[in-house]
2 protein chains.
Amino acid sequence: MNNARFPISLHILTLLARENGALLSSDYIAGSININPVLVRKEISNLRNHGMVESKEGKNGGATLAKPAEGILLSEIYHAVQQTSLLGNSRNHPNPDCPVGKNINLHLEDLYKEIEGALLRKLENMTLADFANKF
Amino acid sequence: MNNARFPISLHILTLLARENGALLSSDYIAGSININPVLVRKEISNLRNHGMVESKEGKNGGATLAKPAEGILLSEIYHAVQQTSLLGNSRNHPNPDCPVGKNINLHLEDLYKEIEGALLRKLENMTLADFANKF
DNA sequence: TGTACTGTAATAAATAGAATTACAGAATGA
DNA sequence: TCATTCTGTAATTCTATTTATTACAGTACA
């Protein structure tokens, strides 16, 4: 997870959480994050697919939360953006003729699962409201 | 941490843990991981700087563990390779004129610290020996 | 019916990651 | 002593990933 999708999504959701239902445009949001509006729309599209955001097309359109910030767990956001494994995967195929190479991916996966579990238990105990209220 | 440094370092250390003090060459290790030997030497150099590995130059040279595998915590390996923050950082500077933009990096940092703490408590309870013994 | 939006695809630019090349220097042992 | 086999490291090239940009169809509003 080297890319900025988690912080970007959290930033978007934090902005939306502070508006009480008012729609924010992708341009406005992009201005706060300082990234390209198209990337904002892409992230919003993803958050919408995960049920956290609603958006409205056309003039005076924009995005808003699909449910109260108290009901959005940070773990949901994590799941919505998570693509690569937490501690990195080698793209290479380790040598199947080596007893370590042959099995390392299996054992790494187990390890990652365990670690990610610990992380998720943390994120499940924090809501978007908790985060947004810090500002 | 999108790159493969954690799994590569763990792979190297696992191989070394299974040799009882015998030296392994970067070429041999690279063959097991299936990456370039220069990258192996770079990682070994880093692990050496962190006191986990010793190496010997010249003919019949190679690397070996600097201390028993029972004394190497997975958290040490994590610290040795960790560069980027766990859940990704935006390279962009958020808008300082926006109340959210102005403070988000601060709050993200706090959040990351807390999450990383949970992860580290897990990794502190696993040794290289625990991992290597699975093979 | 013009304006201001979203949604999305396609492309280009920038950045990061990994491989490769190159070579100096160290240890060995014939 | 000196060829051989290693490490250490810098420099460069190659590749993959990420982000920005361009373009435009479609929607809603006033």
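Residues numbered from 1 in each chain as written. Chains lettered and ligands numbered in written order. Predicted model: local features only at pLDDT ≥ 70, side-chain atom pairs only at ≥ 80, totals over all residues. Heavy atoms only, no water.

Per an unreviewed UniProt entry, chain A is named Rrf2 family transcriptional regulator, and its organism is Chitinophaga qingshengii.

Now for the overall build of chain A. For chain A, the helix and strand inventory stands at six helices and two strands. Going from the N terminus to the C terminus, chain A shows its helices and strands as α-α-α-β-β-α-α-α. Taking 2.2 N^0.38 as the reference for a compact globule, 135 residues should give roughly 14 Å; the C-alpha atoms of chain A span a radius of gyration of 18 Å, well beyond that estimate. Taken along the three principal axes of its C-alpha coordinates, chain A extends 60 × 30 × 25 Å. Among the 135 residues that make up chain A, the fraction classed as buried is 50%. (Helix = DSSP H or I, 4+ residues; strand = E, 2+ residues; numbered from the N terminus. Rg over C-alpha atoms; globule rule 2.2 N^0.38 Å. Buried < 20%, exposed > 50% of the residue type's maximum accessible area, 1.4 Å probe, protein only.)

Accessible area lost when the parts come together is the quantity often used to give the size of an interface. Opposite the 50 residues of chain A that make contact, chain B presents 50 residues. Summed over both partners, the interface of chain A with chain B comes to about 4300 Å²; 71% of that surface belongs to carbon and sulfur atoms. Taken together, chain A and chain B are joined by two salt bridges. Among the ionic pairs, Lys122 of chain B bridges to Glu114 of chain A, the shortest N-O distance being 3.5 Å. Taken together, the connections running from chain A to chain B amount to nine residue pairs in polar contact (both at pLDDT 80 or more). Elements with a minimum of two residues in the side of chain A that touches chain B: helix H1 (5-18), helix H2 (26-33), helix H4 (74-81) and helix H5 (99-123) of chain A. (Contact = heavy atoms within 4.5 Å. Buried area = accessible area lost by both parts, 1.4 Å probe. Salt bridge = Lys/Arg side-chain N within 4 Å of Asp/Glu carboxyl O. Polar contact = N/O pair within 3.5 Å; in protein donor to acceptor, adjacent residues only side chain to side chain.)

For the rest of this paragraph, the subject is the relation of the copies chain A and chain B. Placing chain A over chain B gives an RMSD of 0.2 Å and needs a rotation angle of 180°, together with 0.0 Å of translation along the axis. A rotation of that kind, with that shift, is consistent with a two-fold axis. In this assembly the copies share their binding face: 100% of the residues contributing to the interface of chain A also contribute to that of chain B. (Least-squares fit on C-alpha atoms with pLDDT ≥ 70 in both.)

Our focus in this paragraph is H1 of chain A. Helix length check: H1 of chain A, at 14 residues, gives a terminal C-alpha distance of 20 Å against a target of 20 Å (1.5 Å per residue), a fit within 8%. The element H1 of chain A is largely enclosed, with a buried count of 13 among its 14 residues. (Expected span 1.5 Å × (residues − 1).)

With that settled, consider the pairing of strand S1 (residues 53-56) of chain A. As paired strands, S1 of chain A and strand S2 (residues 62-65) of chain A are joined by four bridges and run antiparallel to one another. Of the residues in S2 of chain A, the one forming a bridge with Glu54 of chain A is Thr64 of chain A. (Pairing = 2+ DSSP bridges.)

Remember that side chains alternate between the two faces of the sheet whenever the strand is regular. Judged by which residues are buried, strand S2 (residues 62-65) of chain B turns out to be covered on both faces: Gly62 and Thr64 of chain B on one side and Ala63 and Leu65 of chain B on the other are all buried. Between strand S1 (residues 53-56) of chain B and S2 of chain B, which pair antiparallel in sequence order, lie five residues; one of them, Gly58 of chain B, sits at a positive phi of approximately 80°.

Our focus in this paragraph is the pattern of salt bridges. This model, assessed by the stated rule, comprises six salt bridges over all chains. Residue Lys67 of chain A pairs with Glu76 of chain A through a salt bridge whose shortest N-O separation is 3.0 Å.

On to the side chain of Glu43 of chain A, then. Residue position: Glu43 of chain A is located in helix H3 (residues 37-49). Sequence-distant contacts of Glu43 of chain A, that is, excluding residues within four places in its chain, are made with Arg5, Ile8, Ser9, Ile12 and Val81 of chain A.

Going through the model one piece at a time under the given rule, you end up with four aromatic pairs over all chains. For the pair Tyr112 of chain A and Phe6 of chain B, a centre-to-centre distance of 6.5 Å together with 40° between the ring planes defines the contact as tilted. On the criterion of chain membership, the pair formed by Tyr112 of chain A in helix H5 and Phe6 of chain B in helix H1 (residues 5-18) is interchain, its members lying in two chains. We note that Tyr112 of chain A, like Phe6 of chain B, is buried. An angle of 65° between the planes, with centres 5.6 Å apart, marks the rings of Phe131 of chain A and Phe135 of chain A as edge-to-face. (Phe/Tyr/Trp six-rings, centres within 6.5 Å; stacked < 30°, edge-to-face > 60°.)

As a further point, take H3 of chain A. All names here are of chain A. Spanning 13 residues, H3 covers 18 Å between terminal C-alpha atoms, matching the ideal 18 Å at 1.5 Å per step. Restricting attention to buried positions, one finds in H3 the residues Val40, Glu43, Ile44, Asn46 and Leu47. All buried residues of H3 lie within an arc of 160° about the axis, which places them on one face of the element. Of the exposed residues in H3, those oriented more than 90 degrees away from the buried face are Lys42 and Asn49. On its buried face, H3 is in contact with H1, H2, S1, S2 and H4. The N-capping residue of H3, defined by a side-chain oxygen 3.0 Å from the backbone nitrogen of Val38, is Asn36. (Arc of directions from axis to C-beta.)

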